[in-house]
Amino acid sequence: MFVFGDSLVDNGNNNYLYSLAKANYFPYGIDFYQGPSGRFSNGKTAVDMWGEMLGLPYLPTFVQSKTNVRVMLSGVNYASAAGGILDETGQHLGGRFSLSQQVMNFESNMNDLRNEMGPHNLTQYLAKSIALIVSGSNDYLMNYLLPYLYNSSHNYTPQGYADLLLNHYTRQILALHSVGLRKFFLAGLGPLGCVPNQLALNQTPPGQCVSSVNEIVGLFNVGLKSLVDHLNGNHAGAIFLYGNAYGAIVDILINPATYGFQVTNEGCCGIGRNKGQVTCLPLSIPCANRDQYIFWDAFHPTQAVNAIFAQRAFSGPPSYCYPINIQQMALK
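Rules used in this analysis
- Residues numbered from 1 in each chain as written.
- Predicted model: local features only at pLDDT ≥ 70, side-chain atom pairs only at ≥ 80, totals over all residues.
- Heavy atoms only, no water.
- Helix = DSSP H or I, 4+ residues; strand = E, 2+ residues; numbered from the N terminus.
- Rg over C-alpha atoms; globule rule 2.2 N^0.38 Å.
- Buried < 20%, exposed > 50% of the residue type's maximum accessible area, 1.4 Å probe, protein only.
- Areas by Shrake-Rupley, 256 points an atom, 1.4 Å probe, with all protein chains shown as cover.
- Lys, Arg positive; Asp, Glu negative; His and termini not counted.
- Charge placed at Lys NZ, Arg CZ, Asp CG, Glu CD.
- Pairing = 2+ DSSP bridges.
- Disulfide = S-S within 2.5 Å.
- 1 Å grid on protein atoms, 1.4 Å probe; cavity = no way out; pocket = protein on both sides within 12 Å on 5 of 7 lines; lining within 4 Å.
- Points joined across faces, edges and corners; volume = space filled by probe spheres on them.

Right, let's talk about the overall build of the protein for a bit. Secondary structure assignment for the protein yields 12 helices and eight strands. A compact globule built from 332 residues would reach a C-alpha radius of gyration of about 20 Å, and the protein, at 19 Å, matches this within 12%. Taken over the C-alpha atoms alone, the protein extends approximately 60 × 40 × 40 Å along its principal axes. When burial is assessed residue by residue, the protein has 58% of its 332 residues classed as buried. When the accessible surface of the protein is totalled, it reaches about 13200 Å², and 54% of it is carbon and sulfur. Counting 17 positive and 18 negative side-chain charges, the protein places the centres of these two groups 6 Å from one another.

Moving on: the pairing of strand E4 (residues 183-187). In the case of a regular strand, side chains alternate between the two sheet surfaces. Among the five residues in E4, five count as buried, and that is most of the element. Taking every second residue as pointing to the same face, both faces of E4 are buried, with Lys-183, Phe-185 and Ala-187 on one and Phe-184 and Leu-186 on the other. The pairing of strand E3 (residues 130-134) with E4 spans four bridges and is classified as parallel. Bridged to Ile-133 within E4 is Leu-186.

This next bit is on the sheet that holds strand E1 (residues 2-5). If you trace the six strands from one edge of the open sheet to the other, you get E2-E1-E3-E4-E5-E8, paired in mixed fashion. Strand pairing shows two members of the sheet lacking a second neighbour, strand E2 (76-77) and strand E8 (321-322), which therefore form its edges.

Here the focus is the state of the cysteines. Evaluated as defined, the whole model comprises three disulfides. Here Cys-194 connects covalently by a disulfide to Cys-209, the sulfurs 2.1 Å from one another. On the sign convention where negative is left-handed, the bridge of Cys-194 and Cys-209, at about 110 degrees about the S-S bond, is right-handed. Placement of Cys-194 in the loop between E4 and helix H8 (196-201) and of Cys-209 in the loop between H8 and helix H9 (211-234) is noted, with a sequence separation of 15 residues between them. Judged by its relative accessible area of 31%, Cys-209 falls in the partly exposed class.

Its volume calculated, the largest pocket comes out at about 1000 Å³. Along its surface, the largest pocket is lined by 50 residues, and Asn-138, Leu-141, Met-142, Phe-299 and His-300 are the ones closest to its centre. Secondary-structure elements contributing two or more residues to the lining of the largest pocket are helix H1 (46-53), helix H5 (137-144), H8, helix H10 (245-254), strand E7 (293-295) and helix H11 (303-315). The element best represented in the lining of the largest pocket is H5, accounting for four residues.

On their own, these measurements won't tell you what the molecule is for.
Printed below as a string of structure tokens:
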């Protein structure tokens, strides 16, 4: 299992970078057996859970894999907080691996692994492996929606920007395919207009999300689902899935009590309006009833929400994972 993406699935890659986007301190990891590991959650991320469902150990970070070829055999996590599909996304936060850099890191690892196991064995190994990509949120939150730091919203309409992202994204997916990966899960974007950071910035009334942000994000998701159809139609022997994160999270936001949630509009830890101004401050005291919160901090869901999305993508119907789910793909 090879993981690419951002802070939703980063398992500690940013710990080794000169970056403001880090989560290797308490209270991050308060419910994780390793404590603060670099995961932007109180506990496990969705990819931790998918790994468990597939019978895999927790994946090493890219840096750990560079020092020990053998640890790569169950896969590697390349995800990096603040990183995006575009190289410039998140640059105001310092060091991060953009999606294109993550793909280069993967290619570097595969060169090492090819030397270890031989070209034929590597081809078979990659054909059975799964690539999980969770990317694009930062291209909005840490780029397009920050007009005073980035020019993208001045230069592109929402549709033009979605198209730009999807063109860059397609290039990286095809690069991974050319190295030998054949099974891809591409997560759509969640309702970014509902995260505490956006509620706070827009001073949104209780019970509402920032509809303009969700509409912009929706353009990307529609394009990504179409891209999955296109890729499946043009790459025989490979399979591409679309994970409907938006639908899964909106279900929870509409009927929180059904899932055991009570607090929908603020982070479990953070400061300011909606606890949405910054991520958790070091050694701050988070809420005690974490399983009743949808959001852990200004941007990220709690472990409880990650578990719902992970389960739906792994074994759910096509409305959550299209055209088949991760479990069905793994058996192919």
